[in-house]
Amino acid sequence: MTDDRLPKYKLDLAGIGILFMGGLVPNIGLALLFFVPGGKDFLTSPIGMVVSNLIMWLTIILAFDFLICKNQTGRRLKFDFSSVSLKSYLIIFPMMFGMMLIGDVIAGLIPTEGEILGALYKSFDEMMRRMQSSFSAMFIAAVIMAPLFEEVVFRGIIQKGLINGNMNPQAAIWISALLFGIVHANPWQFVGGVLLGYVLGVVYHRTGSLLLPILLHAFNNLSSILLVKLTDEESFSKILGVSPLVLFAAGVSIFGIFYYLFKKLSFKNGAFSSHT
């Protein structure tokens with residue numbers, strides 16, 4: 001089903017270039033602050049990381065809005081944020097939780113030691129600990145900013161733009177999920193990014209509403225920061241005291257059941273077509 005209220009932009013090579021430069025240029029500018037007295041301390045502080053991410057994502061979205069969407073369609077970026085029935089929420093959140101368990105187990109199989117992975121994990125762990133030093137900054141970055149901006153970019157712009165360009169929806173969903181994993185820049189979050197990105201992409205494609213993946217993304221991130229805050233652990237397996245194999249089986253079962261129920265649902269907007 002199409003919605004003539006929404007701009008029908010396509011993600012072409014120019015769009016890809018704008019997205020890339022929209023992320024690169026502000027990061028180069030922010031990197032220059034390292035040479036300014038006090039700049040490094042600010043950029044590596046929790047509030048500095050929040051501000052840096054805000055600048056980067058806004059630049060990416062606004063650049064695509066003005067240079068691609070407006071040029072292609074004559075209209076500004078606009079998304080559907082309509083809600084769904086309570087029954088739908090009671091299905092998509094357990095489905096997301098099942099995939100979270102699957103991702104948790106798979107990510108736990110990736111080594112955190114060694115010459116390369118060890119150094120990468122140490123850098124990742126230090127960055128996370130700096131952010132965790134301020135719960136308010138971590139909450140703003142992980143539960144508010146990341147779900148909103150990342151879903152606009154990866155589902156709203158990339159996935160939808162590819163489908164608008166007549167790409168097979170499943171291929172577009174997987175591509176956006178893969179890119180979503182890559183931008184996290186470490187193998188542990190890459191796994192969760194791809195798997196959870198797939199769920200977010202499927203939900204967006206079937207409902208046509210960007211509200212749903214934003215809420216699911218926030219649910220995942222909120223669960224993660226609460227686990228760390230309350231237990232100092234990120235692994236469901238360690239927190240629950242069950243083996244990874246049991247947790248994986250539980251995740252597959254939960255996801256499978258609720259994914260089946262989700263496929264049975266119908267939505268008033270339907271899955272947007274290749275021309276939406």
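Residues numbered from 1 in each chain as written. Predicted model: local features only at pLDDT ≥ 70, side-chain atom pairs only at ≥ 80, totals over all residues. Heavy atoms only, no water.

1. Focus on the packing of aromatic side chains
When we look at a pair of aromatic rings, we describe it by the centre distance and by the angle of the planes.
Thought 1: Applying the stated criterion across every chain yields a total of twelve aromatic pairs.
Thought 2: With a centroid separation of 5.3 Å and an interplanar angle of 75°, the aromatic rings of F93 and F219 are classed as edge-to-face. Of this pair, F93 sits in helix α4 (residues 86-108) while F219 sits in helix α9 (residues 211-231); the two residues are 126 residues apart in sequence, bridging distant segments of the chain.
Thought 3: Accessibility expressed as a relative area gives 26% for F219, which makes it partly exposed.
Thought 4: Aromatic side chains F255 and Y259 sit 5.3 Å apart centroid to centroid with 25° between the ring planes, which places their arrangement in the stacked category. Residue F255 and its partner Y259 are located together in helix α11 (residues 244-264), separated by four residues, close to a single helical turn.
Thought 5: Three or more aromatic residues joined by ring pairs make a cluster, and in this case those are W57, F154 and F180.
Thought 6: Across from the ring centre of F180, 4.7 Å away, lies the NZ or CZ of R155, which sits over that ring.
Thought 7: Lying across the ring of F262, R206 places its NZ or CZ 5.2 Å from the centre. (Phe/Tyr/Trp six-rings, centres within 6.5 Å; stacked < 30°, edge-to-face > 60°. Helix = DSSP H or I, 4+ residues; strand = E, 2+ residues; numbered from the N terminus. Buried < 20%, exposed > 50% of the residue type's maximum accessible area, 1.4 Å probe, protein only. Lys NZ or Arg CZ within 6 Å of the ring centre and 35° of its normal.)

2. A look at the packing of α4 against helix α8 (residues 187-207)
Helix packing for two helices is described by the angle between their axes and how far apart those axes are.
Thought 1: Across the interface, α4 lies against α8 with an axial gap of 8 Å and an inter-helix angle of 160°. Regarding the angle of α4 to α8, the classification is roughly antiparallel. The chirality of how α4 crosses α8 is right-handed. For the pair α4 and α8, the contacting residues are I92, M95, M96, M99, M100, I102, G103, I106 and A107 in the first and W188, V191, L195, L196, V199, L200 and V203 in the second.
Thought 2: A class-by-class count of the residues in the contact of α4 with α8 yields 15 nonpolar, one polar and no charged. (Axes fitted to C-alpha atoms, helices over the stretch in contact; angles between N-to-C directions. Parallel < 35°, antiparallel > 145°, perpendicular 65-115°, else oblique. Left-handed = near helix turned anticlockwise from the far one by under 90°. Contact = heavy atoms within 4.5 Å. Nonpolar A, V, L, I, M, F, W, Y, C, P; charged D, E, K, R; others polar.)

3. Section: the pattern of salt bridges
Thought 1: According to the stated counting rule, one finds two salt bridges in the structure shown.
Thought 2: A salt bridge links E151 to R155; the nearest nitrogen and oxygen atoms lie 2.8 Å apart. With E151 and R155 both in helix α6 (residues 135-164) and four residues apart, the pair spans about one turn of that helix. The pair E151 / R155 is uniform in exposure class, with both members buried. (Salt bridge = Lys/Arg side-chain N within 4 Å of Asp/Glu carboxyl O.)

4. Focus: α11
Because an α-helix packs 3.6 residues into every turn, residues spaced three or four apart end up facing the same way.
Thought 1: If you check α11, its first and last C-alpha atoms are 30 Å apart, about what 21 residues at 1.5 Å a residue would give, namely 30 Å.
Thought 2: Of all the positions in α11, only L247, G251, F255 and F262 are classed as buried. With its buried residues spanning 55° around the axis, α11 presents them on a single face. Structural note: α11 exposes L245, I257, Y260 and K264 on the side pointing more than 90 degrees away from its buried face. (Expected span 1.5 Å × (residues − 1). Arc of directions from axis to C-beta.)

5. Describing the confidence of the model for the chain
When pLDDT is low, close inspection of the predicted coordinates is not appropriate.
Thought 1: Confidence in the prediction for the chain averages 90 pLDDT; 96% of positions are at 70 or higher.
Thought 2: The element-level mean pLDDT for the chain is lowest in helix α5 (residues 117-132), coming to 78, with helix α7 (residues 169-182) highest at 97.
Thought 3: This model gives residues 272-276 a pLDDT under 50, and the stretch forms 25 contacts once residues within four places in sequence are excluded. (pLDDT = per-residue confidence, 0-100.)

6. Thoughts on a nonpolar patch on the surface
Thought 1: On the surface, F20, M21, L24, V25 and I28 cluster together into a nonpolar patch covering about 460 Å² of accessible area.
Thought 2: We classify F20 as exposed; its relative accessible area is 55%. (Patch = residues over 30% accessible without salt bridge, like charges linked within 9 Å, V, L, I, M, F, W, Y side chains within 5 Å. Areas by Shrake-Rupley, 256 points an atom, 1.4 Å probe, with all protein chains shown as cover.)

7. Some details on helix α1 (residues 13-31)
Thought 1: Along its 19 residues, α1 runs 27 Å from first to last C-alpha, staying within 8% of the 27 Å computed at 1.5 Å per residue.
Thought 2: For α1, the complete set of buried residues consists of G15, I18, L19, G22, G23, P26 and L30.
Thought 3: Along its buried surface, α1 packs onto α2 (39-43), α3 (46-73) and α6.

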